[in-house]
Amino acid sequence: GEAIWHMHPVVFLGAINSPLELINIDDFLNEYEKQHSSFASGTPELTQGSRRNLEKILTNINLFYSQSAEYTPNLYRLSYMLATARHETYHFPSGEYFSEQPEVGEVSYFNKYDPILALTEAEKNRAFENGNVLQGDGFRYRGRGCVHLTWKNNYQKAKDKYSVDFVNHPELASDFKYAIPIMVWGMEEGIFTGKKLSTYINSVSIDYEGARKVINGSDQKFLIANYAKKFQGILEKTSTVPLSF
């Protein structure tokens, strides 16, 4: 009859336990490095440190989707997530891209998110509404991770979702091991602003500009939309991420 195919059981177990490689990381990094400086005018060459940071992001994206059945990967949405991460994680004091450093600023800069130190009642009320109830919470729960997770309420939601104590250890939200799941979950579910990514990127429309509302209104929406288009092209060449929704 037909030929019988055999796989050694140890090899088989190793295969099913390996992360699903949606993205060919080496190919992606090589293609991205060619285009890095064209993302925006004045962009310096990609350093090895920034390249390693991007590699960590890609590794954790592959790992996340291989271990979670909750969210189905989609090329257009993932392109926008990567665009968001490139924008939010740029550490301008050091020129480091895809950095795990928290939001930049002196302690006083974050007073606008503080329930006691904010200059206006509106800012103080906004802080309380978002869970910042103690002096210092503005700085403590400043932006971290791929989407710059901000406000104590959001750190609490992430803790409830992933059973990791981001409230007492907010620095953990900077680690891409956690920042990638937070990004995917938060953008898919509308955790950050109440707007879901699916509202703007779906089978009817790919609205990269409108998708900025998922994170931060219309701030830099054209720039980040351009990033998304570039990441889309790179993913089309270097991944098996589905285009279907």
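Refer to the structure printed above.
Residues numbered from 1 in each chain as written. Predicted model: local features only at pLDDT ≥ 70, side-chain atom pairs only at ≥ 80, totals over all residues. Heavy atoms only, no water.

**Student:** Can you walk me through the pattern of salt bridges in this structure?
**Tutor:** Two side chains with opposite charge may pair up if their charged atoms get near one another. Under the defined criterion, the tally for this structure stands at 12 salt bridges. Note that K159 and D165 form a salt bridge whose closest N and O atoms lie 3.5 Å from each other. A relative accessible area of 27% places K159 in the partly exposed class. Among the residues examined, D165 registers a relative accessible area of 23% and is labelled partly exposed. Connected through salt bridges with shared partners, the residues E31, K34 and K237 form a single ionic network. (Salt bridge = Lys/Arg side-chain N within 4 Å of Asp/Glu carboxyl O. Buried < 20%, exposed > 50% of the residue type's maximum accessible area, 1.4 Å probe, protein only.)

**Student:** What exactly am I supposed to notice about the packing of aromatic side chains here?
**Tutor:** Per the counting criterion, the structure on display carries 16 aromatic pairs. For the ring pair Y76 and F245, a centre distance of 6.1 Å and an interplane angle of 20 degrees mean the geometry is stacked. Linking Y76 in helix α4 (residues 75-88) with F245 in the segment after α9 (221-238), this pair joins segments that are 169 residues apart in sequence. A relative accessible area of 15% places Y76 in the buried class. Classification of F245 as partly exposed rests on a relative accessible area of 46%. Ring centres of Y162 and W185 lie 5.9 Å apart, and the angle between their planes is 85 degrees; this geometry places the pair in the edge-to-face category. (Phe/Tyr/Trp six-rings, centres within 6.5 Å; stacked < 30°, edge-to-face > 60°. Helix = DSSP H or I, 4+ residues; strand = E, 2+ residues; numbered from the N terminus.)

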